[in-house]
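What the coordinates show
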Amino acid sequence: SSGINAEYGGHSQAVTGCCWMDNSQVVTVSMDMSVKFWDTQMLTCTKTIAIATALQSVAWSDKSRLLATGASDRYVRLFDPRGASGTLVHCTLIGHSLWVPSVTWSKDSEYELISGSYDTSVLLWDTRNPKSFLQRISSHEDKVLAVAWERDQILSGGADNKVHLSAFK
């Protein structure tokens, strides 16, 4: 027995990110340039958003009710999936110079998220001011592949084979 309870087919290329929105909805992103919303009870795709670039990462915020994606075009995009406007980009965060394989929201603030990039940096964002990031951590010597956030502690892992623990002020 494989232990698989359900399988969702629908992307045409590699799935690069997934997250839970609630107990019955998940979101996936893919190199096929799409965001897909899935109903885990009905085992169906309920919405697809097409993007003009390959997607690398996804994170859902229960506090802001926004979806963040990181992409190969170096941008972090925020979506409000409620209603018809959910197919449009709520806002685009511009600060990285290369792919963004990792995004995660603050557990404490509905406005803050971090992103990690192939440009070796981790950026802290406040979505109320999407034109610039709040802080940059450039401690890695190679691509940042993963980020995690707990209170004011940022964890990042990179292609330099290192894990860094940093504090945001």
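A word on the packing of aromatic side chains
For the coordinates displayed, the defined rule picks out two aromatic pairs. Ring centres 5.5 Å apart and planes at 20 degrees place the aromatic pair tryptophan 99 and tyrosine 118 in the stacked group. Of this pair, tryptophan 99 sits in the loop between β8 (89-94) and β9 (102-105) while tyrosine 118 sits in the loop between β10 (112-116) and β11 (122-126), and the two are 19 residues apart along the sequence. What makes tryptophan 99 partly exposed here is its relative accessible area of 30%. When the ring of tryptophan 125 is compared with that of phenylalanine 133, the centres are 5.9 Å apart and the planes differ by 85 degrees; the resulting orientation is edge-to-face. Among the residues examined, phenylalanine 133 registers a relative accessible area of 27% and is labelled partly exposed. We note lysine 47 situated over the ring of phenylalanine 37; from NZ or CZ to the ring centre the distance is 5.6 Å. Across from the ring centre of tyrosine 111, 4.0 Å away, lies the NZ or CZ of arginine 128, which sits over that ring.

Brief notes about the sheet that holds strand β14 (residues 153-158)
Pairing is antiparallel in the open sheet, where three strands are placed in the order β13-β14-β15. Of all the strands in the sheet, the pair left with one neighbour each is β13 (144-150) and β15 (163-167). Mean inter-strand twist for the sheet, computed between neighbouring axes without regard to direction, equals 20 degrees. Across five bridges, β14 lies against β15 in antiparallel orientation. For glutamine 153, the partnering residue across the bridge sits in β15 and is alanine 167.

A look at the pattern of salt bridges
Charged atoms that come close allow side chains of opposite charge to pair. For the coordinates displayed, the defined rule picks out six salt bridges. Among the salt bridges present, the one from arginine 77 reaches aspartate 73, with a minimum N-O distance of 2.5 Å. Overall, the relative accessible area of 22% leaves aspartate 73 in the partly exposed class. Note that aspartate 126 and arginine 128 form a salt bridge whose closest N and O atoms lie 2.7 Å from each other. Judged by its relative accessible area of 10%, aspartate 126 falls in the buried class. Classification of arginine 128 as exposed rests on a relative accessible area of 55%. The structure contains a network of salt bridges with shared partners spanning Lys107, Glu150 and Arg151.

What counts and what doesn't
- Every chain is numbered independently, its residues counted from 1 as its sequence is written.
- Selection of residues for local features in this predicted model requires a pLDDT of at least 70, selection of side-chain atom pairs for listing and counting requires 80 or more, and totals for whole chains, interfaces and linings are taken over all residues.
- Excluding hydrogens and water, the side-chain figures rest on all heavy atoms present in the structure.
- Aromatic rings from Phe, Tyr and Trp, with only the six-membered ring used for Trp, were paired whenever their centres fell within 6.5 Å, and each pair was classed as stacked if the ring planes differed by under 30 degrees, edge-to-face if by over 60, and tilted otherwise.
- In this description a helix means any DSSP run of H or I spanning at least four residues, a strand means any run of E spanning at least two, and both kinds are numbered starting from the N terminus.
- For every residue, the accessible area (1.4 Å probe, protein chains only) is compared with the maximum for its type, and the residue is labelled buried under 20%, exposed over 50%, or partly exposed between those bounds.
- For a lysine, the NZ atom is tested; for an arginine, the CZ atom; a charge sits over a ring if that atom is within 6 Å of the ring centre and within 35 degrees of the ring normal.
- Strand pairing follows a simple DSSP-based rule, namely that at least 2 bridges must link the two strands.
- Every axis corresponds to a line fitted to the C-alpha atoms, with the helix fit spanning only the stretch in contact, and the corresponding angles, defined between N-to-C directions, vary from 0 to 180 degrees.
- The term salt bridge refers to a side-chain nitrogen of Lys or Arg lying within 4 Å of a carboxyl oxygen of Asp or Glu.

Bear in mind that shape data such as this cannot, by itself, settle questions of function.
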